[in-house]
Each structure stands twice: as structure tokens, then as C-alpha cells.
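Fold and contact review
Each chain is listed here by its residues.
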Amino acid sequence: MDPKKVLLFAGILMFSFSSQAQRKLWDGEYNRLGLQGGVNHFNIITDDLQVTPKVSWTAGFTTRASFYNDFQFVYGINFYDLKVDVDGRKKLEETSANSLIEYSMIGVQGNFFASYKIIDHYLSVEAGPVVQVNGKLEARQDKELYYVGNYDINATDLEKVSAFNLNLAVGISGGGEAVKIWAQYQYGVNNFFKGLHDEGLQEKDASVPSFKGNISMIAGGVTFYL
């Protein structure tokens, strides 16, 4: 991941948060700036690899802004540590996948959700788009030379996944005005493996397909509003 792009992305959103946090809207309520943290269960839905989802952490900033009557906007920036296991094998001559290759990836997400209050400030549902910027899908260092699935390619050959992804999310949040518990599901619209298509993997192994896969993630946590 390009650090300059991440810092610019985060800076723009944080400037928006700080400028909006104390702004009074026409219905007499204020925007609320929140700090949140939690866990994510990350997966890649694909027919081309055997992927096992794993759990890791998430943390970030969010703003909940009143709009009209029971409608609100929720927008923010979150940092994710994303992990999955992919079936592989240690030696080329092994004919079946018998080892797990641990992969990890750091991601930054910006979201803009429409929210509807089911029970005043106590229970809401949200939905909207998520823009994700992430780095490479990196294999654990001691397994970088393992072979992926039944293909004649190494674990490092899967690194260059799509750096920019568009996800759609639905979620629910509940609690008080100062503290809320939330849960969310995200699904990736674009092909997460598109970046691999220019890597010439078929030159290493003609049986390698044009990999296709979509992000699938369940996340949840706690938000503390200032």
C-alpha cells in the first residue's frame, strides 16, 4: 500500500469529521464524532482456491449525523487487519493440498451509510457503499515458497490483489447516544483477484485459471461517541 495515498485518504476524512462534529443541524441535534474498535471475520468467496476465513481486528473513527426525522447519515474511516488461510502444499510433487498458507493484509475503508432509527437513538439499521484501499495479500514469511492449491505457483504469486475495492454493506447498531454496539456485513462488488491477471501466472502453470473472487466480511464492535 502506498503510505502517501493512505495518509491523504485518512486526512481528507478526518478533516471532514473535525469540521462537522460540532455543526448544528436543522432539527436541533448535533453530529457525533465516535471512536470505535472491534473484530472482523474476513473471507474471499472464490471457486478457484480453498479459502478459510479468519478473525482479526478493526479500529477507526465514525460520525453519526442527523438528517431528517428518523433518518441519519453515518460516515467514517476504519483500519482493518485482514487474514485468511489458503490451502497449499510444501512440495511440488505432492498431489493434494495438505498445508494452510496464512495470508494477511492491511486495509483502510471509507464508508457513507444511510441510517434509519427503528427505536429512537437505541436501535438503527444502516446500509451503503464502502471504498477499501489495501496493500498486498502477504503470505507468512516462512511459507512464501509453498505451492498454492494444486497449482504450480508459489504463495507470493497471489500478492498483487486489487488495491482498490468497492464493497456494499448492511448493518445494525444499538445502544445509547454515547455508546453503541454494531454489527455489519460487507460484500465486494469487484473482482478482488483482478490484479493477478497481469502477472503471467499461466506461463508458470497452464492450468491456472483467471482467478475470480469477491470480498466477504462480517465485522462488529463498540463505538464511543464524544
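Conventions and cut-offs
- Residues numbered from 1 in each chain as written.
- Predicted model: local features only at pLDDT ≥ 70, side-chain atom pairs only at ≥ 80, totals over all residues.
- Heavy atoms only, no water.
- Helix = DSSP H or I, 4+ residues; strand = E, 2+ residues; numbered from the N terminus.
- Buried < 20%, exposed > 50% of the residue type's maximum accessible area, 1.4 Å probe, protein only.
- Contact = heavy atoms within 4.5 Å.
- Areas by Shrake-Rupley, 256 points an atom, 1.4 Å probe, with all protein chains shown as cover.
- Salt bridge = Lys/Arg side-chain N within 4 Å of Asp/Glu carboxyl O.
- Polar contact = N/O pair within 3.5 Å; in protein donor to acceptor, adjacent residues only side chain to side chain.
- Patch = residues over 30% accessible without salt bridge, like charges linked within 9 Å, V, L, I, M, F, W, Y side chains within 5 Å.

**Regarding the overall build of the protein chain**
Scanning the protein chain for helices and strands turns up two helices and 10 strands. Each helix and strand of the protein chain, placed in order from N terminus to C terminus, yields the pattern α-β-β-β-β-β-β-β-β-β-α-β. Taken across its 226 residues, the protein chain has 47% of its residues classed as buried. Taking contacts inside the protein chain between residues at least 6 apart in sequence as the whole, the part at least 24 apart equals 68%. Carbon and sulfur atoms make up 60% of the accessible area of the protein chain, which totals about 11500 Å².

**What to know about the pattern of salt bridges**
Throughout the structure, instances matching the rule amount to eight salt bridges. For Lys54, the salt bridge is made with Asp85, and the minimal N-O distance between the two is 3.5 Å. Taken together, the residues Lys54 in strand 2 (residues 51–68) and Asp85 in strand 3 (residues 71–89) connect sequence positions 31 residues apart. Residue classification places Asp85 among the buried residues on the basis of a relative accessible area of 9%. A single network of salt bridges, built from pairs that share partners, joins Glu102, Arg140, Asp142 and Lys143.

**Topic: the side chain of Gln109**
As for its placement among the helices and strands, Gln109 is situated in strand 4 (residues 99–119). Given a relative accessible area of 2%, Gln109 falls into the buried group. Of note is the side chain of Gln109, whose polar atom sits 2.7 Å from the side chain of Gln132.

**Considering a nonpolar patch on the surface**
On the surface, Phe67, Tyr68, Phe71, Tyr116, Ile118, Ile119, Tyr122, Val125 and Ile172 cluster together into a nonpolar patch covering about 860 Å² of accessible area. For the nonpolar patch, the leading source of residues is strand 4, giving three residues. Within the secondary structure, Tyr68 sits in strand 2.

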